[in-house]
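Remarks on the overall topology
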Amino acid sequence: MEAHGTEAHPTPPGGPRRPAPSPRGLLRRGAGLGAAAFGLTAADTASAAGPASPAGRVGAATTYPTTHWIPASTANYTVSSRPTSYPIDFVIVHITQETFQDAMRIFQDPARKVSSHYMVASADGYIGQFVREKDIAWHAGNWNYNTRSIGIEHEGWVDRPEYFTDAMYRASARLTAAICTRYRIPRTRTRIIGHSEVPGATHTDPGPLWDWNRYMSLVNSY
Ligand SMILES: [Zn+2]
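The structure reproduced in this document is the subject of the present report. These numbers were taken from a predicted model, which means no experiment stands behind them. (Residues numbered from 1 in each chain as written. Predicted model: local features only at pLDDT ≥ 70, side-chain atom pairs only at ≥ 80, totals over all residues.)

1. Quick look at the environment of Gly151
Heads up, the condition is: Numbering goes from the N terminus for both helices and strands, where a helix is a DSSP run of H or I of at least four residues and a strand is a run of E of at least two. Exposure is read from a count of other C-beta atoms within 10 Å of each residue's own; the residue is exposed at 12 or fewer, buried at 20 or more and partly exposed in between. C-beta atoms are placed from the backbone.
Mapping Gly151 onto the fold places it in strand S7 (residues 149-154). Since 27 C-beta atoms lie within 10 Å of it, Gly151 is described here as buried.

2. A look at the sheet that holds strand S8 (residues 192-194)
Note the threshold: One requirement defines pairing of two strands: DSSP has to find at least two bridges between them.
Across the sheet, which stays open at both edges, the 6 strands sit in the order S1-S5-S4-S7-S3-S8 with mixed pairing between neighbours. Where the open sheet ends on each side, the last strands, each with one partner, are strand S1 (68-69) and S8.

3. Quick notes on the nonpolar core
Cut-off, in case you're wondering: Buried Ala, Val, Leu, Ile, Met, Phe, Trp, Tyr and Cys residues form a nonpolar core when they are connected through C-beta atoms within 7 Å. What counts as a contact is two residues whose backbone-derived C-beta atoms lie within 7 Å of each other.
Formed by 50 residues in total, the largest nonpolar core has its most connected members in Val91, Ile92, Val120, Ile152, Leu175 and Ile179. For this core, the elements supplying multiple residues, two or more each, are strand S3 (90-95), helix H2 (100-108), strand S4 (118-120), strand S6 (136-137), S7, helix H4 (166-183), S8 and helix H5 (212-219). Counting residues per element, this core draws most heavily on H4, at 10 residues. Apart from residues lying up to four places away in sequence, Val120 is in contact with Gly125, Ile127, Ile152, His154, Glu155, Met168, Ala171 and Ser172.

4. Observations regarding H4
Stated precisely, the cut-off is as follows: A helix's residues, less one, multiplied by 1.5 Å, set its expected span.
If you check H4, its first and last C-alpha atoms are 26 Å apart, about what 18 residues at 1.5 Å a residue would give, namely 26 Å. With respect to burial, H4 is a largely interior element, 14 of its 18 residues being buried. Just past H4, the residue Arg184 takes up positive phi, approximately 55°.

Now the structure itself:
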C-alpha cells in the first residue's frame, strides 16, 4: 500500500478472543485488535471467497485459515467474475505502512481508491478479507496485474522488523497456499511476488526484511 495515514493506535477494550498480554503487549494490543475491536468479526468467510471451487477443488478447506469479511467500499475495487473473466495467476505480497485499523479504514473510504483482497494482522495472524476473490482489488498499481492477482496486505512497516511475526508469516502462508490450490497457481517466486516486483512498480514493499525463503518454505508446507 502507499498511503501514509496517522500513527493513531486506538485501544478499545478487548474481547474474549484476545490473547493474553505478552512482553510485546503494546505492539500486540495495537496490532492484534484487528477488526474485532470494531465488532466487525464476521462468520467464517469461505463463502466470501467467491467461487471457492473454480475447478471443483473444495478440498483446500483443510488448510484454509479462518478469515473475516470486512467489505471494502464498492468504490475501491472492480466487480468481476474471476477466474472466468480473467485468470488468477499471481499472489502479490504487500506491507501496509499502516496499522491494521487505519488500513481497514482506508479500504472503506470511497475517496481512497485502493483496496486489497486480504490483510493479515501482525500480532496474531488475524485475516480480514475486504474484496471477494472473484473481484479485482486495486493494490498492484498495474491494471494487468490487478486483474490477474490476489493481493495480500501485511500489517507493518518495511523498516520495522518487530511487525514481521511468526504468526503473520504462518497465517499468510496458509492463505497463499489455499489460494494457489484453488486457482492452480504454482507455488513459486515467479507467481508469488512482492509489490515491488510488479512491472512498473514505484513501491518498495514488502522490502528487504521480508523473509522470502521462510515464507515460501511455509507456503510449500501447507
Ligand atoms: Zn504494496
